[in-house]
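Here is what each chain is made of, one letter per residue.
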Amino acid sequence: MSGDATGMTAPDGWPGQLWLEGRTIIHLKQEQERPTHMPRGPAKNTGQGFLNPAMAPARTRSVLLLADALENDWLVTGEKPIRVLDALCATGVRVRRWRNEIPANLQQRLRISANDLDEFALNWTRISHITHPPEVIVEQEFEDDRHNRIPSGEIINGIHIQQLDARVAMMESAFQWVDLDPFGSPVSFLDSALQCLSRSGVLEVTATDTAALTGSSPSSMARRYGAKGLVDIYAHDDAVRILLGLIATSAARLDKKIKPILALFDGHHVRVSVQLKTSKEGASEITQNMGWRVRGEDEPYRFVTHPNTDQLENASGPMWIGPLWDAEIAGRMSEEKAIQMCSPSLAQLQQMRASGLVWDDEDIEYSQRELRRSVRYIADAADLMSRDHLLINLDSLPKWAGTGGAPKMEKIIAALQQLNFAAARLPDLEPVFVTDAAFADVIKIVQQLWTSNN
Ligand SMILES: C[S@@+](CC[C@H](N)C(=O)[O-])C[C@H]1O[C@@H](n2cnc3c(N)ncnc32)[C@H](O)[C@@H]1O
């Protein structure tokens, strides 16, 4: 640690190098490689204070979702505040982005808490937030915890920063919005998160234990998620649904029901955002939304409540088989919105450059592309993902249709829409689309398109 102009003792390695995520300046450790825009997988972990740039799109969506809850009053009504916790905040990038990028007129309604056990990471959070304060500094005050005590920690520029085991932080105070972004599996934090949420709340969960969630590590999957997997083209969708299944069943035990808002397999992690409400009746309805995916001989798959003995070999589950997104909320998550909320103005960029950010025209262009890609395809697929749909991987179609290859995805989607079916591409590294057409209709279209083009 060494002295610094902010008045606090700077952590070793400060100030590192400057980088821009959304429109928030962040400090990366000097030894961390300068990120490329939109990296695909986890960067090399450089230890304490490491920031994973591959999570930037998930953080962007988190900014948009929280802003949407405030703008559209779907979590709390009127002018009431929302108490938000990033339970494992590391260097505080997400909480700082919430404070910097959510529109100024909504900031007064946010009470933000950031928690982590790692002192180095929290010091990095503190000094970053003091060095680059948000445009609007909210006079956030301590609010008594569940035991009418003042919580530990301190409030810096509108963020309450705390150093506790995340489970203790969540058991001590109640929140309406909790973000869980651990290393690996979120399982050990889930119950405390569900218990600390108010009667109506939002839980956002990241899981990087994709080997367990996709079934490529069957024993971890069975232990952590109580499920059986099949490693095939539906493994990513299974991973999302298996995590949602665990959240839904854990919530039901606490008389809470879930409603997924957005749930994605994003490269090397699963990220789900769900709304929770306390309701015994709602929680009891969980049985309608839990089931298994059974692969078939004349269709790619179908969801069933329980597979029979013959189906078990080709089945994965149990998992959430209900809707995955909220049509209205996800429908507002457009590229324009991401740019409008998270991209800096030229004046802001000038100020940032004056404070040492090296950001040329290429960086501007690539970072805008990254913002757009963070939400690409979401708004268009929102309606279908909020109701029954069929998920199809383009590469699987030639086998089913008996064609030598697959037509372009845009052509299949356009042809389906012409026949008044809904169809949309999904945000996935794989070429995947969703539709409400029957599988037989999709195959007919694929055969027609293939024959007319070959
Ligand atoms: C993947 S990082 C969080 C990344 C962060 N949310 C972001 O967007 O940059 C996981 C963090 O969990 C913290 N952590 C691990 N176990 C913890 C615990 N029991 N309580 C609180 N923090 C913990 C680690 O110190 C680490 O900073």
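Computed from a prediction, not measured in an experiment: that's the story for all the values here. (Residues numbered from 1 in each chain as written. Predicted model: local features only at pLDDT ≥ 70, side-chain atom pairs only at ≥ 80, totals over all residues. Heavy atoms only, no water.)

Peer 1: Can you explain the sheet that holds strand E8 (residues 197-207)? Please cite residues and give values.
Peer 2: The strand order E5-E6-E4-E3-E7-E8-E10-E9 describes an open sheet built from 8 strands, whose pairing is mixed. Both edges of this open sheet fall to strand E5 (154-156) and strand E9 (256-266), since each of them pairs with a single strand only. Looking at each pair of strands side by side, their axes are set apart by 20 degrees on average, direction ignored. Where E9 lies against strand E10 (residues 269-278), 10 bridges are found, and the strand directions are antiparallel. Residue pairing across strands places Phe-265 opposite Val-270, the latter belonging to E10. Running over the sheet, helix H1 (residues 56-71) touches strand E3 (82-86), strand E4 (110-115), strand E7 (175-180), E8, E9 and E10 and is turned about 145 degrees from E9. Along the sheet, helix H6 (residues 187-196) makes contact with E7, E8, E9 and E10, crossing E8 at roughly 150 degrees. (Pairing = 2+ DSSP bridges. Helix = DSSP H or I, 4+ residues; strand = E, 2+ residues; numbered from the N terminus. Axes fitted to C-alpha atoms, helices over the stretch in contact; angles between N-to-C directions. Contact = heavy atoms within 4.5 Å.)

Peer 1: Summarise the side chain of Glu-101; cite the residues concerned and give the values.
Peer 2: For Glu-101, the position within the fold is in helix H2 (residues 93-101). There is a polar contact of 3.0 Å between the side chain of Glu-101 and the backbone nitrogen of Arg-23. Excluding its chain neighbours within four sequence positions, the residues that come into contact with Glu-101 are Glu-21, Gly-22, Arg-23, Thr-24, Val-63, Met-341 and Cys-342. (Polar contact = N/O pair within 3.5 Å; in protein donor to acceptor, adjacent residues only side chain to side chain.)

Peer 1: Help me get a handle on the domain arrangement of the chain, residues and values and all.
Peer 2: Accessible area lost upon the coming together of the parts serves often as the stated size of an interface. The domain boundaries assigned to the chain delineate domain 1 (17-40 + 48-328) and domain 2 (389-453). On a C-alpha basis, the centres of domain 1 and domain 2 stand 32 Å from each other. At the interface, 16 residues of domain 1 touch 13 residues of domain 2. Summing the contributions of domain 1 and of domain 2, the shared interface buries around 1100 Å²; its carbon and sulfur component is 68%. When the area that domain 1 buries against domain 2 is broken down by residue, the three leading residues are Ile-233, Pro-300 and Tyr-301, summing to 35%. Connecting domain 1 to domain 2 are 0 salt bridges. At the boundary of domain 1 and domain 2, one finds 2 residue pairs in polar contact (both at pLDDT 80 or more). At the level of elements, helix H9 (235-253) and E9 are the ones that each hand at least two residues to the side of domain 1 that touches domain 2. Here the residues of the side of domain 1 that touches domain 2 are counted per class, giving 7 nonpolar, 3 polar and 6 charged. (Domains from an automatic or database assignment. Buried area = accessible area lost by both parts, 1.4 Å probe. Salt bridge = Lys/Arg side-chain N within 4 Å of Asp/Glu carboxyl O. Nonpolar A, V, L, I, M, F, W, Y, C, P; charged D, E, K, R; others polar.)

Peer 1: Mind laying out the environment of Arg-295, listing which residues take part and the relevant values?
Peer 2: Relative to the helices and strands, Arg-295 resides in strand E11 (residues 290-295). Remark: the alpha-carbon pair of Arg-295 and Leu-197, spanning 98 residues in sequence, is separated by 37 Å. With sequence-adjacent residues up to four places away left out, Arg-295 is seen in contact with Leu-230, Asp-232, Tyr-234, Asp-238, Pro-300, Tyr-301, Asn-314, Ala-315 and Ser-316. A polar contact is formed between the side chain of Arg-295 and the side chain of Asp-232, at a distance of 2.8 Å.

Peer 1: Please provide a residue-by-residue account of the packing of helix H13 (residues 335-342) against helix H15 (residues 361-375), values included.
Peer 2: H15 packs onto H13 with a crossing angle of 135 degrees between their chain directions and a minimal axis gap of 8 Å. Here H13 is positioned oblique relative to H15, judged by the angle of their axes. H15 is crossed by H13, and the crossing has right-handed handedness. Here H13 contributes Glu-335, Glu-336, Ala-338, Ile-339 and Cys-342 to the contact with H15, which in turn contributes Gln-368, Leu-371, Arg-372 and Val-375. Tallied by class, residues from the contact of H13 with H15 come to 5 nonpolar, 1 polar and 3 charged. (Parallel < 35°, antiparallel > 145°, perpendicular 65-115°, else oblique. Left-handed = near helix turned anticlockwise from the far one by under 90°.)

Peer 1: Go over H15, please, and point to the residues and values.
Peer 2: Since the α-helix turns once every 3.6 residues, residues separated by three or four places project in the same direction. The terminal C-alpha atoms of H15, which comprises 15 residues, lie 22 Å apart, in line with the 21 Å expected from a rise of 1.5 Å per residue. Looking only at H15, the buried set comprises Asp-363, Ile-364, Ser-367, Glu-370, Leu-371, Ser-374 and Val-375. Taken end-on, H15 shows its buried residues confined to a sector of 125 degrees, consistent with a single buried face. Looking at the buried residues of H15, the elements they touch are H1, H2, H13, helix H14 (346-354) and helix H16 (378-385). Between the side-chain oxygen of the N-cap and the backbone nitrogen of Glu-362 there are 3.1 Å, and the N-cap of H15 in question is Asp-360. At the exit of H15 stands Tyr-377, carrying a positive phi of roughly 75 degrees. (Expected span 1.5 Å × (residues − 1). Buried < 20%, exposed > 50% of the residue type's maximum accessible area, 1.4 Å probe, protein only. Arc of directions from axis to C-beta.)

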